[in-house]
Amino acid sequence: MSKIAVIGTGYVGLTTGACFAHVGHEVVCADVDETKVRRLQRGEIPILEAGLDNLVREGIDGGRLSFVVGAANAAADCEFAYLCVPTPQGADGSADLSYIEAAAREIGPVLPTEAVVVNKSTVPVGSTRVVERALGRSDVAVVSNPEFLREGSAIHDFLNPDRIVIGAEDQGAAVRVSALYLGITAPVIVTDPASAETIKYAANAFLATKISFINAVAAVCEAVGADIKDVALGMGYDTRIGHEFLKPGPGWGGSCFPKDTRAMVRIAEDAGYDFNLLKGVVTVNDEQLNRVAEKILDVAGGQIEGLRVGAWGLTFKARTDDLRESPSIEILKRLVARGAVVRAYDPSGPDGIEGIEVVDDPYAAVEGASVLAVLTEWDEFRWLDIDKVADLMTARKVVDARNLLDRAAYVRRGFEYRGIGRA
Ligand SMILES: NC(=O)c1ccc[n+]([C@@H]2O[C@H](COP(=O)([O-])OP(=O)(O)OC[C@H]3O[C@@H](n4cnc5c(N)ncnc54)[C@H](O)[C@@H]3O)[C@@H](O)[C@H]2O)c1
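1. Things to note about the site of the ligand
As a structural note, the neighbourhood of the ligand is formed by 27 residues, with Asp 31, Lys 36, Thr 87, Glu 151 and Lys 259 the closest of them. At 2.9 Å from an oxygen atom of the ligand is found a main-chain nitrogen or oxygen belonging to Val 12. Coverage of the ligand by the protein amounts to 90% of the 840 Å² it exposes when considered alone. Looking at the shell around the ligand, the elements with two or more residues in it are helix H1 (11-22), strand S2 (26-31) and helix H5 (98-107). For the shell around the ligand, the element with the highest residue contribution is H5, accounting for three residues. The residue makeup of the shell around the ligand, split by class, is 12 nonpolar, seven polar and eight charged.

In structure tokens form, the structure reads like this:
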């Protein structure tokens, strides 16, 4: 068993720390956010992530998981230091490495000899060198070990990964990192740092491409009178294509795809390649936000000033509380900017969002609304009382941007129903 420091306790860091403690390692998680650390020390989980609370409590009770303020306090005694800090989009589209550099500078002076620093944050090619420079240590190896977890099933994904990617120049360090994943069965790809870093961006760019592709096909379906559900099904049974990520919707968002696609375009540009395909993927996504906003406007009869919209779903996808770059919010903001009045409900119970009234009941969200907009695919929206919804609204119109609802049941109650990619 090893001593691991995890720097950053967000979606990736907290999952990494809790899962490594679960498989038996001794883990100290550090964050700069003192309030968050105090809550974690009490076993309170600041994010919504299935199973994370039980795993954190198990780690604390078993004495294998603890939380401290400040990266140096975690790293002083560790064999491995995992960097799980943000890499947001910089002003020019590239990844901003300032958090990574700051964390590396903090731990550099205190790391024991022969410790391994592992980059789990999503970082562009060349970042291993950036970390090495910021650490200022020649006796410490730096390894890339990108994370592929999905929010909403992060624990499952960490413990049952499709693959583990390790990029290192020092093969001994790569072997030591792969040994941390004891009991976790998955193909391990050991490669150089540049390839490991590229795998992560290429994977996210490809997934975003699949979504933009199916959204574009959905637009064609609407134009030619085809049904995207059947089209996607017919495509997905081809094992070369697969069903995953072939669901049309309001567009992709979240904390990763928007910044990672733009960073990949930028990485390619800096290296002299014009990644037109990926630029198109980004454009299609932005157009999709407008297409859904226009659909809502259209079903309302084109009169947006003072239009009351009841919205279900604010998170960027279901089973998370993450609102970062959520297409649901972006669409609603575009409507508000044009004069609509929006009242929204989301099962994750978010705090206020500028320009949008957030309520804690799905029926309250539609009261007095003339259009219902379903924007995030929370299952519970399927089971709501349609008659009650109809009675509360001033007009029976629904835009189902996830093709989630029972279309026939809404139509039976007199609703004008608009999905994505189908009549
Ligand atoms: N969220 C995902 O689904 C996901 C999946 C795969 C990879 N990633 C990548 O992982 C990285 C982290 O993402 P996240 O969503 O967990 O971020 P996050 O914003 O949820 O968490 C980052 C945490 O790091 C802390 N932090 C910042 N600087 C610090 C420092 N110097 N010392 C200690 N703590 C510090 C912040 O306070 C915050 O709690 C990013 O590069 C992201 O692209 C994210």
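2. Let's talk about the pattern of salt bridges
Per the stated rule, a full pass over the model turns up 30 salt bridges. Ionic pairing is found between Arg 413 and Asp 387, a salt bridge with its closest N-O pair at 3.1 Å. Separated by 26 residues along the polypeptide, Arg 413 in the loop between helix H16 (407-412) and strand S14 (416-418) and Asp 387 in helix H15 (residues 386-392) bring together distant segments of the chain. The partly exposed category is assigned to Arg 413, whose relative accessible area is 26%. Its relative accessible area of 40% is what places Asp 387 among the partly exposed residues. Taken together, the salt bridges that share partners define one network made up of Arg 39, Arg 42 and Glu 44.

3. Section: the layout of surface pockets
The calculated volume of the second largest pocket comes to roughly 220 Å³. In this structure, the second largest pocket is lined by 14 residues; those nearest its centre are Pro 258, Asn 285, Leu 289, Glu 325 and Glu 330. Of all the secondary structure elements, the ones that give two or more residues to the lining of the second largest pocket are helix H11 (257-270), helix H12 (276-299) and helix H13 (327-337). In terms of residues, the lining of the second largest pocket owes the most to one element, H13, which gives five residues. Considering only residue class, the lining of the second largest pocket consists of six nonpolar, two polar and six charged.

4. Description of the sheet that holds strand S13 (residues 397-400)
Across the sheet, which stays open at both edges, the six strands sit in the order S11-S10-S9-S12-S13-S14 with parallel pairing between neighbours. Taken across any chain shown, the strands that pair with only one partner, and hence form the sheet edges, are strand S11 (357-359) and S14. Strand-to-strand twist across the sheet, computed as the mean angle between neighbouring axes with direction ignored, equals 20°.

5. With respect to the side chain of Thr 191
By the element assignment, Thr 191 lies in strand S8 (residues 188-191). When sequence neighbours within four positions are dropped, the list of residues in contact with Thr 191 reads Ile 166, Gly 167, Ala 168, Ala 196 and Ile 199.

6. Details of the packing of aromatic side chains
Each aromatic ring pair is described using two quantities: the centre-to-centre distance and the angle formed by the ring planes. This model, assessed by the stated rule, comprises 10 aromatic pairs. Between Phe 20 and Phe 158, the aromatic rings sit 5.3 Å apart at their centres with planes inclined by 90°, giving edge-to-face as the arrangement. Taken as a pair, Phe 20 in helix H1 and Phe 158 in helix H7 (residues 154-159) lie far apart in primary sequence, 138 residues in all. Of the two residues, Phe 20 and Phe 158, both sit in the buried class. With a centroid separation of 5.3 Å and an interplanar angle of 65°, the aromatic rings of Phe 20 and Tyr 181 are classed as edge-to-face.

7. Considering the environment of Asn 403
With respect to the helices and strands, the residue Asn 403 is situated in the loop between S13 and H16. Taking the relative accessible area as the measure of exposure, Asn 403 reaches 7% and is therefore buried. Sequence separation between Asn 403 and Gly 421 is 18 residues, and the spatial gap between their C-alpha atoms is 8.8 Å. The residues contacting Asn 403, other than those within four sequence positions of it, are Ile 228, Lys 229, Pro 248, Tyr 417, Gly 419, Ile 420 and Arg 422. In this structure the side chain of Asn 403 is engaged in a polar contact, spanning 2.8 Å, whose partner is the backbone nitrogen of Ile 420.

8. Let's talk about empty space enclosed by the protein
Evaluation of the coordinates by the stated rule reveals two cavities of 30 Å³ or more. Its boundaries defined by the atoms lining it, the largest cavity holds a volume of some 40 Å³. Around the largest cavity, the lining residues are Asn 119, Ser 121, Thr 122, Val 123, Ser 144, Pro 146, Ala 196, Glu 197 and Lys 200. Element by element, the count of residues in the lining of the largest cavity is highest for helix H9 (residues 193-224), at three residues. Considered class by class, the residues forming the lining of the largest cavity number three nonpolar, four polar and two charged. Here the second largest cavity defines a volume of roughly 30 Å³. Lining the second largest cavity, in full, are Asn 215, Ala 218, Ala 219, Glu 222, Gln 288, Arg 291, Val 292, Lys 295 and Ile 420.

Cut-offs used in this document
Residues numbered from 1 in each chain as written. Predicted model: local features only at pLDDT ≥ 70, side-chain atom pairs only at ≥ 80, totals over all residues. Heavy atoms only, no water. Near = heavy atom within 4 Å. Polar contact = N/O pair within 3.5 Å; in protein donor to acceptor, adjacent residues only side chain to side chain. Areas by Shrake-Rupley, 256 points an atom, 1.4 Å probe, with all protein chains shown as cover. Helix = DSSP H or I, 4+ residues; strand = E, 2+ residues; numbered from the N terminus. Nonpolar A, V, L, I, M, F, W, Y, C, P; charged D, E, K, R; others polar. Salt bridge = Lys/Arg side-chain N within 4 Å of Asp/Glu carboxyl O. Buried < 20%, exposed > 50% of the residue type's maximum accessible area, 1.4 Å probe, protein only. 1 Å grid on protein atoms, 1.4 Å probe; cavity = no way out; pocket = protein on both sides within 12 Å on 5 of 7 lines; lining within 4 Å. Points joined across faces, edges and corners; volume = space filled by probe spheres on them. Pairing = 2+ DSSP bridges. Axes fitted to C-alpha atoms, helices over the stretch in contact; angles between N-to-C directions. Contact = heavy atoms within 4.5 Å. Phe/Tyr/Trp six-rings, centres within 6.5 Å; stacked < 30°, edge-to-face > 60°.

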